[in-house]
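Examining the three-dimensional arrangement
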Amino acid sequence: MRVVSGIQPTGNLHLGNYLGAIRNWVRMQDEMEDANRAQAAAGGSAQGNQCLFFLADLHAISMPHVPAELRAATLEMVAALVACGIDPDRSVLFNQAQVPAHSELQWLLSGTARMGWLSRMTQFKDKSGKNREGASIALFTYPVLQAADVLLYQATHVPVGEDQKQHLELARDIAQKFNNDFASDEDPVFTLPEPYIPPEAARIMSLRDGTAKMSKSDPSDMSRINLSDDADTMMKKVKKAKTDPEPLPSEAAGLEGRPEAKNLVAIYAAFTGQDIEGVLGEFGGAGFGTFKPALGELLVETLAPMAARFNELKADRESLDAILARGAARAREIAGPTLSRAYQALGLIRG
Ligand code: TRP
């Protein structure tokens, strides 16, 4: 298995980002490790399964952006990934901009991708909105870069959220047409990647309003647990979270119409690996005076050590640069042969 996935750099990371993408990546990394160990035990090579994770900084310029903010967000995201458990020794961790093969392959694939295919991408329609004339070309060709991102490494599995599934299907269509047009069936240039949609991560909502998503842009800092918060702040935010006066129900149905209660229970469930029923089995009948401190302690126990590491690493530019440089060097090496084959297949002469 070769797992490849990207994430757009955003700043002000919070609990929602952790329970969304980041934790899934850490799990994939650990699964690769298990698979390698099992293969080694069976007498095979222990290097076969690998994860490549990257910051999609090239994708970020498809929308209006502030350069200094992009740079800061990219570094912050690397610090977060490492703090939360992505191990740059075990996974290849890098940013696209340091691996020119991404941009190069994008152009090579642009001869294969069809206008009609890209016109059907719902993310482009959503992001360009009513101002399609004013949208950047990068926003339109964004999925071709995404195809290059994964095809470059012969990815077999690509973990993405539901919203990215269409882009992955496009990557498969591009790979298939390229192989058809420019390679033989026995010796295809690209592997067709499988999307891997992780089991629905709980949607984490604001601590001040159970109907709004937890967001970095919410003006109230009390609405979210930041990855940079210290233990006391986390505990305080949980204790001040908006709730209602009722005790917790014993069954999930009792949470309907109680979005704030539901959100806190969902967070508890996500951190303990239980389902909602399991948490209510433990806390049904209890008031928030009991539940909130328990949730706060859980957060402090799991998230606060990561937050401390995150803050430390975020301030250590030298280490972050070194991590990215090393990851990019490994990525360039893995990408090289496929990129060469793609040039060659197209009849392009390259020294
Ligand atoms: N477009 C993805 C997102 O916004 C990020 C991304 C870029 C990606 N390239 C990728 C994800 C390649 C998976 C594989 O979430």
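Conventions we followed
Residues numbered from 1 in each chain as written. Predicted model: local features only at pLDDT ≥ 70, side-chain atom pairs only at ≥ 80, totals over all residues. Heavy atoms only, no water. Axes fitted to C-alpha atoms, helices over the stretch in contact; angles between N-to-C directions. Helix = DSSP H or I, 4+ residues; strand = E, 2+ residues; numbered from the N terminus. Parallel < 35°, antiparallel > 145°, perpendicular 65-115°, else oblique. Left-handed = near helix turned anticlockwise from the far one by under 90°. Contact = heavy atoms within 4.5 Å. Nonpolar A, V, L, I, M, F, W, Y, C, P; charged D, E, K, R; others polar. Domains from an automatic or database assignment. Buried area = accessible area lost by both parts, 1.4 Å probe. Salt bridge = Lys/Arg side-chain N within 4 Å of Asp/Glu carboxyl O. Polar contact = N/O pair within 3.5 Å; in protein donor to acceptor, adjacent residues only side chain to side chain.

**Considerations on the packing of helix 1 (residues 15-41) against helix 10 (residues 259-272)**
Direction vectors running N to C along helix 1 and helix 10 enclose 40°, while the axes themselves pass 12 Å from each other. With respect to each other, helix 1 and helix 10 are oriented oblique. You can see that helix 1 and helix 10 cross each other, and the crossing is left-handed. Of the residues in helix 10, those touching helix 1 at L15, Y18, L19 and R23 are I267, A270 and F271. Per-class residue counts for the contact of helix 1 with helix 10 are six nonpolar, no polar and one charged.

**Focus: the domain arrangement of the chain**
Looking at the chain, the domain boundaries give domain 1 (2-202 + 317-345) and domain 2 (221-313). Distance from the C-alpha centre of domain 1 to the C-alpha centre of domain 2: 32 Å. Across the contact, 15 residues belong to domain 1 and 14 residues belong to domain 2. Between domain 1 and domain 2 the total buried area reaches about 1,400 Å² when both faces are included, carbon and sulfur atoms providing 79% of it. If you sort the residues of domain 1 by the area they bury against domain 2, L15, Y18 and A83 come out on top, with a joint share of 36%. Where domain 1 meets domain 2, there are zero salt bridges. Run the count over domain 1 and domain 2 and you get three residue pairs in polar contact (both at pLDDT 80 or more). Of all the elements in the fold, those that place two or more residues in the side of domain 1 that touches domain 2 are helix 1, helix 3 (67-83) and helix 13 (317-345). Looking at which element gives the most residues to the side of domain 1 that touches domain 2, the answer is helix 3, with five residues. Partitioning the side of domain 1 that touches domain 2 into residue classes produces eleven nonpolar, two polar and two charged.

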